[in-house]
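# Remarks on the overall topology
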Amino acid sequence: MAFWNQRVWRVLGALALAACGGMALYGRQVAVSASPKLFVVYWAGFLFFLVLALGIAMIDLRYARRQYIKERDELYRETLGDEAFRRQLSEAHRKIRPDPPKDK
């Protein structure tokens, strides 16, 4: 499963998008010189590549969000999630702002 990483998705998405662009540019010639069957098959292929590119973009977006959440959680555990760090932070806060005197 290591083959399906973010780099591969992005390359496949770029290729699908390039295929869409090429087919859109070449589509005028197909419309003029083709039979109705070929016309429908051609634009169905265009639609396939377009949906493929959009689907890959959605997968990539979802993967990027998951990576962000994973790294955010790791950063939290390394800093605020560490008991020693929280103790030091609390002590530093007390040094800056000592407790106000209590009235009797």
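With 43 residues, helix α2 (residues 36-78) should cover 63 Å at 1.5 Å per step; its first-to-last C-alpha distance of 63 Å lies within 8% of that length. Along α2, the residues classified as buried are Tyr42, Phe46, Ala53, Ile56 and Asp60.

Time to look at the confidence of the model for the protein. Chain-level pLDDT for the protein is 85 on average; 91% of the residues reach the 70-or-more range. Across the protein, α2 holds the top mean pLDDT of 91, while helix α3 (residues 83-96) sits lowest at 84.

Scanning the model with the defined rule gives six aromatic pairs in all. Between tyrosine 26 and tyrosine 42, the ring centres sit 6.3 Å apart and the planes meet at 55°, which makes this aromatic pair tilted. Note that tyrosine 26 is positioned in helix α1 (residues 6-33) and tyrosine 42 in helix α2, a separation of 16 residues in sequence. With relative accessibility at 45%, the residue tyrosine 26 sits in the partly exposed group. A centroid spacing of 6.5 Å and a plane angle of 65° characterise the contact between phenylalanine 39 and tryptophan 43, whose relative ring orientation is edge-to-face. Taken as a pair, phenylalanine 39 and tryptophan 43 lie in helix α2 at a separation of four residues, close to a single helical turn. The rings of Tyr26, Phe39, Tyr42, Trp43 and Phe46 are connected pair by pair, giving a single aromatic cluster.

Before going further, it helps to spend a moment on the environment of leucine 25. With respect to the helices and strands, leucine 25 occurs in helix α1. As for leucine 25 and lysine 37, which are separated by 12 residues in sequence, their C-alpha atoms are 19 Å apart.

Attention now moves to the side chain of aspartate 60. Among the secondary structure elements, aspartate 60 is positioned in helix α2. Of the residues examined, aspartate 60 reaches a relative accessible area of 13% and is grouped as buried. Among the polar contacts listed, one links the side chain of aspartate 60 to the side chain of glutamine 6, at a separation of 2.9 Å. Other than its neighbours up to four places away in sequence, aspartate 60 contacts Gln6, Trp9 and Arg10.

Reading the values: the criteria
- Residues numbered from 1 in each chain as written.
- Predicted model: local features only at pLDDT ≥ 70, side-chain atom pairs only at ≥ 80, totals over all residues.
- Heavy atoms only, no water.
- Helix = DSSP H or I, 4+ residues; strand = E, 2+ residues; numbered from the N terminus.
- Expected span 1.5 Å × (residues − 1).
- Buried < 20%, exposed > 50% of the residue type's maximum accessible area, 1.4 Å probe, protein only.
- pLDDT = per-residue confidence, 0-100.
- Phe/Tyr/Trp six-rings, centres within 6.5 Å; stacked < 30°, edge-to-face > 60°.
- Polar contact = N/O pair within 3.5 Å; in protein donor to acceptor, adjacent residues only side chain to side chain.
- Contact = heavy atoms within 4.5 Å.

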